[in-house]
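Letter by letter, the chains look like this.
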Amino acid sequence: MSDPMDKLIALTRQAGRIVVFTGAGISTESGIPDFRGPGGVWEKYDPNDFHIDRFLASAESRRRYWQRSTDMYNQILLARPNAAHQAVLALERMGKLGAVITQNIDGLHQAAGTASDQVIELHGSTLYISCLSCGSRHDRATFQPKVSPAGDAPDCAQCGGLMKPATISFGQMLIPETLARAGEETDACDLFLVIGSSLVVYPAAEFPIRAIRGGAPLAIVNRQETPHDPYATVVLNDSAGEVMSGVMAALGVEAIPVAAPLHS
Ligand code: NAD
């Protein structure tokens, strides 16, 4: 079998426990720009403005951070899951999903209907905020209206610490328990399916390699080439929504209606 699409369909059909590993590319068809693709976030913003050291450096840099984060948050609130998120939900309903390991902070897998406990958010979620001192965590929806248009955010009501979206910024440690669980799911899978990631951000990009070492085939659906392509059983440089709709159609799964935007 030589056609990559046929290969992906066969791998998905045979698999009993799939880890779906997603990056910003799965959400571009929902209107959220990725980082490194054409028109991505890094063409608009300086990545250093998202470094934790800069956030901690001064009130002025925090204001800039909150302004940018608020722009991205508002964009995410308007987004709705697309066909690729719905396909992941379909895999869950077929009993084939071990877990979703996502680098995304947009909550769109959960918005599509995937059970929250099946989504491992390596880089946190922008739908929550947390205190950098005491760790208290809150819904962003209730906090965001208290952030001024200039980017002034209130301090923690419990301890006076700095509040920040509950995402992992550059320079921040990933949560050890989250990494451990992602590792366990990777070790247990019999297909590791990457959808929409450049696979250049570490430690996230270690998981596909770990899956191969554990004996699972690696499938990559991504518009651009990735450094892991040479290790993959199959690579499709195409749109996540189209490819995943095609896989689901071949497996005889009816399209699941697209959910409402997050804010409704
Ligand atoms: P990335 O920007 O580095 O790579 C995205 C990849 O997806 C690119 O290679 C691009 O070619 C591909 N792509 C874009 N649209 C696609 C589509 N419709 N179908 C198939 N492929 C498509 O993103 P990454 O690999 O996730 O990098 C990791 C970082 O990006 C993480 O830290 C993550 O937190 C962050 N991020 C998340 C969001 C989000 O939550 N939606 C948005 C921007 C960045």
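Residues numbered from 1 in each chain as written. Predicted model: local features only at pLDDT ≥ 70, side-chain atom pairs only at ≥ 80, totals over all residues. Heavy atoms only, no water.

## Re the domain arrangement of the protein
Part 1: Considered domain by domain, the protein is made up of domain 1 (1-30 + 81-123 + 174-264) and domain 2 (33-78 + 125-167).
Part 2: On a C-alpha basis, the centres of domain 1 and domain 2 stand 27 Å from each other.
Part 3: Facing 15 residues of domain 1, the contacting portion of domain 2 comprises 14 residues.
Part 4: Of the roughly 1100 Å² buried between domain 1 and domain 2, counting both surfaces, carbon and sulfur atoms make up 65%.
Part 5: At the junction of domain 1 with domain 2, the criterion picks out zero salt bridges. (Domains from an automatic or database assignment. Contact = heavy atoms within 4.5 Å. Buried area = accessible area lost by both parts, 1.4 Å probe. Salt bridge = Lys/Arg side-chain N within 4 Å of Asp/Glu carboxyl O.)

## Focus on the site of the ligand
Part 1: By nearness alone, 26 residues border the ligand, and Glu29, Arg36, Gln103, Ser198 and Gln224 come closest of all.
Part 2: In the model, an oxygen atom of the ligand is placed 2.9 Å from a nitrogen or oxygen of the His123 side chain.
Part 3: Within the backbone of Ala240, a nitrogen or oxygen atom sits 2.8 Å from a nitrogen atom of the ligand.
Part 4: For the ligand, the accessible surface in isolation is 860 Å², of which the surrounding protein chains cover 96%.
Part 5: By residue class, the composition of the shell around the ligand is seven nonpolar, 13 polar and six charged.
Part 6: Mapped onto the domain boundaries, the shell around the ligand takes at least three residues apiece from domain 1 (1-30 + 81-123 + 174-264) and domain 2 (33-78 + 125-167). (Near = heavy atom within 4 Å. Polar contact = N/O pair within 3.5 Å; in protein donor to acceptor, adjacent residues only side chain to side chain. Areas by Shrake-Rupley, 256 points an atom, 1.4 Å probe, with all protein chains shown as cover. Nonpolar A, V, L, I, M, F, W, Y, C, P; charged D, E, K, R; others polar.)

## Here's the deal with the pattern of salt bridges
Part 1: In the structure shown here, the tally under the stated rule is five salt bridges.
Part 2: The partner of Glu185 in a salt bridge is Arg17, with the nearest N and O atoms 3.0 Å apart. You can see Glu185 sitting in helix α7 (residues 176-188) and its partner Arg17 sitting in the loop between α1 (4-14) and β1 (18-22), a full 168 residues away along the chain.
Part 3: The exposure class assigned to Glu185 is buried, which follows from its relative accessible area of 11%.
Part 4: Here Arg17 falls in the partly exposed class, since its relative accessible area comes to 36%. (Helix = DSSP H or I, 4+ residues; strand = E, 2+ residues; numbered from the N terminus. Buried < 20%, exposed > 50% of the residue type's maximum accessible area, 1.4 Å probe, protein only.)

## Some points on the sheet that holds strand β2 (residues 97-102)
Part 1: Taken in spatial order, the six strands line up as β3-β2-β1-β7-β8-β9 in an open sheet, and their pairing is parallel. The sheet is open, and its two edges are formed by β3 (119-121) and β9 (234-236), each paired on a single side. Averaged over all pairs of adjacent strands, the angle between their axes in this sheet comes to 15°, without regard to strand direction.
Part 2: Where β1 meets β2, five bridges bridge the pair, whose relative direction is parallel. Along β2, the bridge assignment pairs Phe21 with Ile101. (Pairing = 2+ DSSP bridges. Axes fitted to C-alpha atoms, helices over the stretch in contact; angles between N-to-C directions.)

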